[in-house]
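Residues per chain, in single letters:
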Amino acid sequence: MKVVQIKKGGKVRTIYMPSFRELVYLNDVKNQLDWIYLNMGVPECVHGFWFGRNPASNATAHIGYRYTYCLDMKDFFDSIQEGLLRNVPKSLRKLSLIKGAPRQGLPTSPILSNIAMHPIDLKIMKMAHPSNVVYTRYADDITISSNDLGSLERLKNCIGYTLAQNGLRLNLKKTKLQDGKGKRRVITGLSVGESDVRATYKHRRKLRAAAHKNKMSAVRGWQGWCQCYIPYSSNISVEPVTDINGQRLFKASKGDIICCSNTYRGAIRRFTKKCEEIVRERLCG
């Protein structure tokens, strides 16, 4: 496995780059981890690294609120401790962890981070509900919104304490309070108003620059971002069914998928196919 250190803004970030052979078994491990997370129940607040969720869906949840706190977790992947992954079998942890933590660059690390954050997400959602505060998380970016600034401050302090109990911590330098009165808020890179979500002026300018330079791959990427599409997928499930001939079949239900890329459709197709295989093995094995 190749280790690359990337310097940005005077800081060094370590990225792990698996070989092709390592990617093959890590992708298989990832499919099994997806199944584990699906069985745990995917919270509504999670918008990163899951089917049907993206930055646009994360930003949309905060439409119509005045105050928004944007929080960031420091050294997110490296800070996740093995104790937070008790729901993952030891054999899978051994394959997907490096020195006891999921590392950046591995295909298994995003879903492992969601599994590790699962009890924390549920706890914060429980605290946010009575205060009429909206809580969402996209990877290591936490966003909370409310019309009551006092409730927002109290929940922010509770989130910091809850994360500290689990070995995680907030990056105070990136903590930002936004007041939406008379202006738009920026959440996960998108501009959020009282009734809509749109791309920021900075991103629209990058789209125009890419089109001017005739860089079509960049144009397609920025077009998808600026359109703020939310790939929608209902609850993904796989259940055994019996046809008219008495044969046992396995049908994956993934709901309607609209306004999304071919890459997303392919990911859904591979995931549901893997779910069918796992169900077949469990029922027939």
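Described below are features of the structure shown in this document. All values derive from a computational prediction rather than experimental measurement.

## Describing the overall build of the protein
And step 1. The helix and strand inventory of the protein stands at 9 helices and 11 strands.
And step 2. A burial count over the protein gives 43% of its 285 residues as buried.
And step 3. A fraction of 66% describes how many contacts in the protein between residues 6 or more apart in sequence connect residues 24 or more apart.
And step 4. Here the protein has roughly 16,400 Å² of accessible surface; of this, 51% comes from carbon and sulfur atoms.

## Looking at the sheet that holds strand E5 (residues 141–146)
And step 1. Spatially, E4-E5-E3-E6 is the arrangement adopted by the 4 strands of the open sheet, whose pairing is antiparallel. Single-partner strands in this sheet number two, and they are strand E4 (134–138) and strand E6 (176–179). Each strand axis lies, on average, 15° off the axis of its neighbour in the sheet, ignoring direction.
And step 2. Sheet topology note: the strand E3 (residues 67–72)/E5 ladder contains 6 bridges and is antiparallel. Counterpart to Leu71 in the pairing with E5 is Ile142.

## Some points on the packing of aromatic side chains
And step 1. Tallied over the full model, the rule gives 4 aromatic pairs.
And step 2. For the pair Trp50 and Phe51, a centre-to-centre distance of 5.3 Å together with 65° between the ring planes defines the contact as edge-to-face.
And step 3. The class for Phe51 is buried, based on a relative accessible area of 12%.
And step 4. Ring pairing ties together the aromatic residues Tyr37, Trp50 and Phe51, which thus form one cluster.
And step 5. For the cation-ring pair, Lys156 lies above Tyr69, with the distance from its terminal atom to the ring centre recorded as 5.4 Å.

## Description of the nonpolar core
And step 1. In this structure, Leu33, Met73, Ile115, Tyr135, Ile144, Ile159 and Leu163 are the most contacted members of the largest nonpolar core, which totals 44 residues.
And step 2. Put simply, the parts of the chain that give this core at least two residues each are helix H1 (20–40), E3, helix H3 (76–79), helix H5 (109–128), E5, helix H6 (149–165) and helix H9 (262–284).
And step 3. If we skip the residues at most four places from it in the chain, Ile144 touches His62, Tyr67, Thr68, Tyr69, Val133, Val134, Tyr135, Leu152, Leu155, Lys156 and Ile159.

## Some remarks on the pattern of salt bridges
And step 1. According to the stated counting rule, one finds 8 salt bridges in the structure shown.
And step 2. The salt bridge partner of Asp196 is Arg198, with a shortest N-O separation of 2.9 Å.
And step 3. When its relative accessible area of 23% is taken as the criterion, Asp196 is described as partly exposed.
And step 4. Judged by its relative accessible area of 42%, Arg198 is partly exposed.
And step 5. Look at the salt bridges and you will find they share partners, linking Arg184, Asp196 and Arg198 into a network.

## Focus on the sheet that holds strand E7 (residues 185–187)
And step 1. One open sheet accounts for 3 strands, arranged E7-E8-E9; its pairing is antiparallel. Strand pairing shows two members of the sheet lacking a second neighbour, E7 and strand E9 (197–199), which therefore form its edges. For this sheet the average axis-to-axis angle between neighbouring strands, irrespective of direction, equals 40°.
And step 2. As judged from the 3 bridges shared by E7 and strand E8 (residues 190–192), these two strands associate in the antiparallel manner. Paired with Ile187 across the bridge in E8 is Leu190.

Conventions used here
Residues numbered from 1 in each chain as written. Predicted model: local features only at pLDDT ≥ 70, side-chain atom pairs only at ≥ 80, totals over all residues. Heavy atoms only, no water. Helix = DSSP H or I, 4+ residues; strand = E, 2+ residues; numbered from the N terminus. Buried < 20%, exposed > 50% of the residue type's maximum accessible area, 1.4 Å probe, protein only. Contact = heavy atoms within 4.5 Å. Areas by Shrake-Rupley, 256 points an atom, 1.4 Å probe, with all protein chains shown as cover. Pairing = 2+ DSSP bridges. Axes fitted to C-alpha atoms, helices over the stretch in contact; angles between N-to-C directions. Phe/Tyr/Trp six-rings, centres within 6.5 Å; stacked < 30°, edge-to-face > 60°. Lys NZ or Arg CZ within 6 Å of the ring centre and 35° of its normal. Core = buried A, V, L, I, M, F, W, Y, C linked by side-chain atoms within 4.5 Å. Salt bridge = Lys/Arg side-chain N within 4 Å of Asp/Glu carboxyl O.

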